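# Descriptive analysis of the structure
Listed below are the residues making up each chain.
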Amino acid sequence: MKTIYILSDSTGETAERVIKAALSQFFEEDVKVHRLFQIRSQDDLHQALAAVVRDPGMLVYTLVDPHLSEVVERVAEEHGLIAVDLLSSLIYNLSRYLGAPSREIPGLLHRIDTEYHRRVEAVDFTVKHDDGQEHRHLYKADLVLVGVSRSSKTPLSMYLAHKGYKVANVPLVKGIEPPEELFQIDQNKIVGLVIDTRRLVEIRTSRLLNMRQSPRGSYADYQQVEDEVAYCKRLYRQHPEWMTIDVTNKSVEEAASEIMRRMDESPVY
């Protein structure tokens, strides 16, 4: 069996994915990928290299510290090992192109990779919990947005999801009780959206016209809309622990920023 060793100052997961993607181009299946990670010092590196020398294999390393990389190159040359530096050439050329030195922070690549996957998971969760879907899993959400139809619940949810928050949204309809799961989760996660009646009528009327439907029904009727908004406000007053945000004339970015700012200010979060 042939062995490929990964030397990393973080977890080595990113390098392992790159190697496995490359290995998929070969028919050779008898290859073991072994990660030697959290290498942050000369002592860490010497211990890792000692293991490689005892049972030789190919070296692939992602070490942002150039001094550690030099040690790997020297040991590889002394013992006739193939060594591939996944990062240095890229960082060097980026530095030339950007006209700035690299930060040389160990583990930064892994943190960026982890952040990316966290956002992907948040978006996936949010899509599956849009418009009142999957009430059973509301407790898994970081935030639950509630409000009347066309009060920006979905665009706000998606914007916050791309910031890494798992968001569910639940429509509030006068005459229909909200799902009981809404009242069983941490109430501090809930954000009630408020919107001016006149503005909401304009939004709904525009939507109906775009869908080639008549705006004369109850959906865009001023009195009906005012009753819906009043119902939501009463519900919000009954639950003072809910955060409330007035989205009237606010862009999605502005409303999301207000939610995130108030979350940061609250000790509950």
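Our subject is the structure listed above.
Criteria and cut-off values
Residues numbered from 1 in each chain as written. Predicted model: local features only at pLDDT ≥ 70, side-chain atom pairs only at ≥ 80, totals over all residues. Heavy atoms only, no water. Salt bridge = Lys/Arg side-chain N within 4 Å of Asp/Glu carboxyl O. Helix = DSSP H or I, 4+ residues; strand = E, 2+ residues; numbered from the N terminus. Buried < 20%, exposed > 50% of the residue type's maximum accessible area, 1.4 Å probe, protein only. Pairing = 2+ DSSP bridges. Axes fitted to C-alpha atoms, helices over the stretch in contact; angles between N-to-C directions. Contact = heavy atoms within 4.5 Å.

## Points about the pattern of salt bridges
The full count for this structure, using the stated rule, is 9 salt bridges. With a closest N to O distance of 3.0 Å, K20 and E16 form a salt bridge. On the criterion of helical spacing, the pair formed by K20 and E16 is a turn pair, its members being 4 residues apart in helix α1 (residues 13-23). Residue K20 is classed as partly exposed on the basis of its relative accessible area, which comes to 47%. Among the residues examined, E16 registers a relative accessible area of 14% and is labelled buried. Its salt-bridge partner being D124, residue K128 comes within 3.3 Å of it at the nearest N-O pair. Placement of the pair is K128 and D124 together in helix α5 (residues 108-128), with a separation of 4 residues, close to one helical turn.

## Structural notes on the sheet that holds strand β4 (residues 83-85)
Strand order in the open sheet formed by 4 strands is β2-β1-β3-β4, and the pairing between neighbours is parallel. Both outer strands of the open sheet, β2 (31-36) and β4, are each paired with one neighbouring strand and no more. Within this sheet the neighbouring strands show an average axis-to-axis angle of 20 degrees, counted without direction. As paired elements, strand β1 (residues 2-8) and β2 share 6 bridges and run parallel to each other. Counterpart to Y5 in the pairing with β2 is H34. Packed on one face of the sheet, α1 meets β1, β2 and β3 (58-62) and runs near 165 degrees to β2. Of the strands in this sheet, β1, β3 and β4 are in contact with helix α3 (residues 66-78), which crosses β3 at around 170 degrees.

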